[in-house]
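Reading the structure
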Amino acid sequence: MERIITKDLIFLDSHGRTRIFNGMNIDDKHINSEEFHYCLDEEFFKKYHAHGFDIIRLAITWQNLEPHIEHYNEKYLQSIDRIFELAEKYGVYILLDMHQDIYSGNDGKSVGDGAPSWAVITDGAKPRMPIFVWADGYFMGKWVHRSFDHFWNNDPVMGKGLQDRYCMLWQMLAKRYGNSPALFGFDLMNEPFPGSDSKKMFASLIGNVAKNVLFNKKINTGKLLKSALKRDTRNMLDCIGGDVIRDVTSPVDKISAEFDYNKYSPFLNKVTAAIREITPNGIIMMEQSYICNSGVKQSAPAITVNGEREPNQCFGPHSYDFSVDTPLYQYANASRVKAFFNEMRNTQLRLNVPVVVGEWGGCSDNKDTSWFPHAFELLDYFDELHWGQMYWDYHGDDLDSPLMNMLCRTHPVAVAGEINSYRYDRESDTFTLSYTADTKGETIIYVHKPFTAADNAEYSVIESYDNGSSLIAFKSEIGENTIKLNITKED
C-alpha cells in the first residue's frame with residue numbers, strides 16, 4: 001500500500017496521484033468490549049473491497065482501550081491488530097477515530113461512550129438516560145458539561161492531567177500502528193464538545209431560531225403555521241431551508257470561536273505533538289466541535305507542532321439534517337445539510353487542507369431506501385467538491401443490503417493529475433472524469449457494474465470482482481484528459 005500524504009487541498013499517493021477515498025464508519029461504542037464488536041474477517045474485507053471501499057473510519061473508545069488507569073487492554077488491541085493486517089492485505093486504509101458521545105458511558109448510566117469511569121469528573125452531577133434522543137445530554141446534562149470542563153482544563157487524575165493521559169493513549173496507538181502500511185491517520189477526538197460554554201451557544205441558537213421564524217422573510221411563516229396546524233411534517237420542515245441556516249447560526253460564531261482558540265486548538269497541537277514524538281506517519285484529522293455540525297463557523301487554526309505547521313493534516317467534517325436519529329429523517333432536507341457543509345467548505349479553504357467527510361447519512365435503519373434521493377444529492381455534492389466520504393455507519397450486514405445500491409458507485413480512486421471534475425450520472429448511467437496532467441501516469445477508477453469505455457478508449461483491468469464491479473486503469477497523457485464510461489443498464 002502507498003503512503004498517503006497531503007498537499008494543499010488534496011491527498012497524494014507515492015506516485016503523486018490525487019486520491020479520493022470512499023468508505024464507511026465501523027464503530028465499537030460498547031462498554032467493556034473484550035475485542036472489537038464487529039467481526040471484520042477475511043470475508044468482510046473481500047466484500048468491502050469489492051464494493052469499492054478503500055477506507056474505514058474505525059471508531060474505538062478510550063474506555064475499551066484503557067479500562068483501568070495505565071493498563072491497556074491487550075486482548076482488545078490484538079483484535080485491532082488483526083483488522084490492520086487484513087486491511088493491508090485488501091488495500092483498505094484505516095483511520096483511527098477516538099470516539100466519544102456525551103463524553104462517557106458512565107458505566108452504563110448514560111447512553112454515551114468514550115472515557116473510562118476513572119477519567120470522569122462530574123463534581124457530583126448524576127448521569128442519566130436520555131429523555132428524547134441520545135444527544136439530549138449535550139443540551140441538558142450537567143454531568144456532561146462538567147466532565148468536558150475538567151478534560152479541557154487538563155485537571156489531574158492520580159497525579160496526571162486528563163489530556164496528558166489522553167496523549168499517552170495516543171502514543172501507545174502510534175507505537176503499535178504507526179508503521180502499518182494500512183494506516184491512513186489519526187482522528188484525535190470525535191465531535192469535541194465545549195462543555196459548560198455550550199449553554200451560551202445553545203441559548204443563542206434557540207433565540208435566533210425563534211427570531212428567524214418570526215421575522216426572516218426567507219421563511220414563509222404562513223405556510224409554516226398552516227403546515228403545523230395540519231401536522232404536515234414534511235412541508236413544515238421544508239419551510240426552513242438551507243438559505244436561512246447561516247442567518248440562524250452566525251450569531252453563535254463568536255462564542256464558538258472562544259472555545260476553538262482557547263481550548264480546542266491547544267488540545268489538537270498537544271496531542272499531535274505527542275503522536276509526532278512517536279511517528280511521522282499518518283495524517284492528523286481535525287474535526288469541528290459538535291456545535292459546528294449544524295453550520296456554526298469553525299475557527300480553530302491549522303495544527304502546529306512546536307510552532308511549525310503540521311505538514312500532514314486534513315479536515316473531517318460531520319453533518320446531518322436536524323431530523324437525524326428520529327423517524328422524521330425520511331423528511332431530511334438536502335439543502336439544509338449542504339448549507340452546513342458549505343460552511344465547512346469555508347473551513348477547508350481557510351485551513352488549506354484536503355477533506356474526507358468523517359460522517360454523514362444518519363438513517364437509523366440501513367434497510368430503508370426511502371431517503372436515498374437525499375443521500376444521492378449529498379454524494380453528488382461531495383463529488384462536486386472533490387471530497388471523499390465515510391458513511392455513518394455500518395450495522396453488521398450492510399454489505400449484502402440495499403444500502404450498497406446507494407453507496408456502491410463508480411468513482412475515481414487515483415488520478416494522475418489535477419482533477420477538473422467528475423460525476424456519476426444515475427439517470428444516464430454514465431461516469432465522466434476530466435483532469436489535467438503535467439506528466440504521463442496511470443489513473444485508476446472503480447466501476448460498480450459492467451461498462452464500456454466511450455470512444456473505444458484503451459484501459460486495463462487491475463481487478464474484477466464477483467459482484468460485477470472492477471478496478472480499471474487508463475494511461476494519462478500530458479495535458480487535458482477526459483474519461484467517459486457507459487455503465488451497463490440492468491434489465
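Quick summary incoming for the structure in this document. (Residues numbered from 1 in each chain as written. Predicted model: local features only at pLDDT ≥ 70, side-chain atom pairs only at ≥ 80, totals over all residues. Heavy atoms only, no water.)

1. A closer look at the overall build of the chain
Definition in use: Secondary structure elements follow DSSP: runs of H or I no shorter than four residues count as helices, runs of E no shorter than two count as strands, and numbering proceeds from the N terminus. Throughout, radius of gyration means the C-alpha value; the globule benchmark is 2.2 Å times the number of residues raised to the power 0.38. Remark: exposure states derive from per-residue accessible area (1.4 Å probe, protein chains only) relative to the maximum for the residue type, with buried under 20%, exposed over 50%, and partly exposed in between. Whether two residues are in contact is decided by their heavy atoms: any pair within 4.5 Å suffices. Per-residue and other accessible areas follow the Shrake-Rupley method at a 1.4 Å probe size, with only the shown protein chains counted as cover for residues. Neither His nor the chain ends is counted toward charge; the positive residues are Lys and Arg and the negative residues Asp and Glu. Every charge is mapped to an atom, namely NZ of Lys, CZ of Arg, CG of Asp or CD of Glu.
For the chain, the helix and strand inventory stands at 14 helices and 23 strands. The C-alpha atoms of the chain give a radius of gyration of 23 Å, which matches the 23 Å a tight globule of 491 residues would have. Reported as C-alpha extents along the three principal axes, the dimensions of the chain are approximately 70 × 60 × 40 Å. Buried positions account for 59% of the 491 residues belonging to the chain. Looking at the chain alone, contacts between residues at least 24 apart form 74% of all its contacts between residues at least 6 apart. Accessible surface, the chain: about 20300 Å² in total, of which carbon and sulfur atoms supply 51%. For the chain, the centre of its 50 positive side-chain charges and the centre of its 68 negative side-chain charges are spaced 6 Å apart.

2. Some words on the environment of Gly91
With respect to the helices, strands and loops of the structure, Gly91 is situated in the loop between helix 3 (74–89) and strand 6 (93–98). Note on Gly91: relative accessible area 27%, which makes it partly exposed. Considering only alpha carbons, one finds Gly91 and Gly307, 216 residues apart in sequence, at a separation of 35 Å. Those residues in contact with Gly91, other than ones at most four positions away along the chain, are Met1 and Asp54.

3. A word on the side chain of Glu191
Selection criterion: Salt bridges are defined as contacts in which a side-chain nitrogen from Lys or Arg sits within 4 Å of a carboxyl oxygen from Asp or Glu. Within 3.5 Å is the distance limit for a polar contact, defined as a pair of N or O atoms, with the added protein rule that one can donate a hydrogen and the other accept it, and that residues adjacent in sequence qualify only through two side-chain atoms.
In this structure, Glu191 sits in the loop between strand 9 (183–187) and helix 7 (198–215). Look at Glu191: it is buried, it has no salt bridge, and the nearest opposite charge is Arg57 at 6.4 Å. Reaching out from Glu191, the side chain makes a polar contact with the side chain of His318 at a distance of 2.8 Å. Here Glu191 is in contact with Gln100, Tyr138, Glu287, Gln288, Tyr290, Asn293, His318 and Glu359, once residues within four sequence places are set aside.

4. Comments concerning the sheet that holds strand 5 (residues 55–60)
In plain terms, the rule: The rule for pairing is simple: two strands pair if DSSP sees at least two bridges between them.
Taken together, eight strands build an open sheet; the order of strands is 13-10-9-6-5-4-15-14 and the sheet is parallel. Two strands lie at the open edges of the sheet, namely strand 13 (313–315) and strand 14 (356–357), each paired on one side alone. Relative to strand 6, strand 5 runs parallel, the two sharing six bridges. Across the sheet, the residue bridging to Leu58 is Leu96, located in strand 6.

5. Points about the packing of aromatic side chains
Put simply, the rule is: Any pair of Phe, Tyr and Trp rings, taking the six-membered ring for Trp, is counted once the centres come within 6.5 Å. Such a pair is stacked with planes under 30 degrees apart, edge-to-face with planes over 60 apart, and tilted for the rest.
Considering all chains together, one arrives at 46 aromatic pairs under this definition. When the ring of Phe21 is compared with that of Tyr93, the centres are 5.6 Å apart and the planes differ by 85 degrees; the resulting orientation is edge-to-face. Separated by 72 residues along the polypeptide, Phe21 in the loop between strand 3 (18–19) and strand 4 (22–27) and Tyr93 in strand 6 bring together distant segments of the chain.

6. Quick look at the nonpolar core
Heads up, the rule is: Here, nonpolar core means buried Ala, Val, Leu, Ile, Met, Phe, Trp, Tyr and Cys residues that are tied together by side-chain atoms lying within 4.5 Å of each other.
Ranked by internal contacts, the top residues of the largest apolar core, which has 122 residues, are Trp62 and Trp360. For this core, the element with the highest residue contribution is helix 6 (residues 162–177), accounting for nine residues. Core analysis: the next-biggest nonpolar cluster, separate from the first, contains 18 residues, Ile20, Leu433, Ile472 and Leu485 among them.

7. Some details on the pairing of strand 15 (residues 388–391)
The line we're drawing: Whether a crossover is right-handed depends on one test, that the path from the first strand over the helix to the second runs clockwise when the strands point away from the viewer.
On strand 15, burial covers both faces: Gly388 and Met390 on one face and Gln389 and Tyr391 on the other are all buried. Here strand 4 runs beside strand 15; their pairing, made up of three bridges, is parallel. Paired with Gly23 across the two strands is Met390, which belongs to strand 15. Bridge analysis of strand 14 against strand 15 gives two bridges, and the strand direction is parallel. The residue of strand 15 that forms the bridge with Val357 is Gln389. Each parallel crossover has a hand, and the one from strand 14 via helix 13 (residues 372–385) to strand 15 is right-handed.

8. Brief notes about unusual backbone geometry
Glycine aside, the phi torsion of most residues is negative, and most peptide linkages are trans. Following Trp392, the chain continues into Asp393 via a peptide bond in cis, with omega recorded as -10 degrees. Positive phi, normally seen in glycine, also occurs at Asp107, with a value near 55 degrees. In this structure, Asp107 sits in the loop between strand 6 and helix 4 (136–140). Asp107 sits in the exposed class, given a relative accessible area of 53%. Phi at Asn352 takes a positive value of approximately 60 degrees, unusual for a residue other than glycine. Mapped onto the elements, Asn352 comes out in the loop between helix 12 (334–351) and strand 14.

9. Description of the packing of helix 12 against helix 13
Rules: Here an axis means a line fitted to C-alpha atoms, over the contact stretch when the element is a helix, while the angle between two N-to-C directions is reported on a 0 to 180 degree scale. Under this scheme an angle from 65 to 115 degrees is roughly perpendicular, one under 35 degrees roughly parallel, and one over 145 degrees roughly antiparallel; angles in between are oblique. By convention, the crossing between two helices is left-handed when the near helix turns anticlockwise from the far helix through less than a right angle, and right-handed when the turn is clockwise. All residues other than Ala, Val, Leu, Ile, Met, Phe, Trp, Tyr, Cys, Pro, Asp, Glu, Lys and Arg, Gly among them, are scored as polar; the first ten of these are nonpolar and the last four charged.
Running from amino to carboxyl end, helix 12 crosses helix 13 at an angle of 25 degrees, the nearest separation of the two axes being 10 Å. In terms of orientation, helix 12 and helix 13 fall into the roughly parallel class. As helix 12 runs across helix 13, the sense of the crossing is right-handed. Touching Ala334, Val337, Lys338, Phe341, Asn342 and Arg345 of helix 12 are His374, Glu377, Leu378, Tyr381, Phe382 and Leu385, all from helix 13. Here the contact of helix 12 with helix 13 is built from residues that sort into seven nonpolar, two polar and three charged.

10. Digging into the sheet that holds strand 23 (residues 479–487)
One open sheet accounts for four strands, arranged 17-18-23-20; its pairing is antiparallel. Both outer strands of the open sheet, strand 17 (418–425) and strand 20 (451–453), are each paired with one neighbouring strand and no more. Between one strand axis and the next, the sheet turns by 15 degrees as a mean value, whatever way the strands run. Sheet topology note: the strand 17/strand 18 (residues 430–437) ladder contains seven bridges and is antiparallel. When the sheet's bridge partners are listed, Asp425 is paired in strand 18 with Thr430.

11. Some details on helix 5 (residues 142–152)
Within helix 5, nine of the 11 residues are buried, leaving the element largely enclosed by the surrounding structure. Among the structural elements, helix 2 (62–65), helix 4, helix 6, helix 7 and helix 11 (253–276) are those in contact with the buried residues of helix 5. Remark: Asn154 follows helix 5 within two positions and exhibits a positive phi of approximately 55 degrees.

12. Some remarks on the pattern of salt bridges
Side chains that differ in sign of charge can pair as their charged atoms come close. In total, this model carries 32 salt bridges according to the counting rule given. Among the ionic pairs, Arg82 bridges to Glu85, the shortest N-O distance being 3.5 Å. Of this pair, Arg82 and Glu85 both sit in helix 3, three residues apart, which is roughly one turn of that helix. Taking the relative accessible area as the measure of exposure, Arg82 reaches 42% and is therefore partly exposed.

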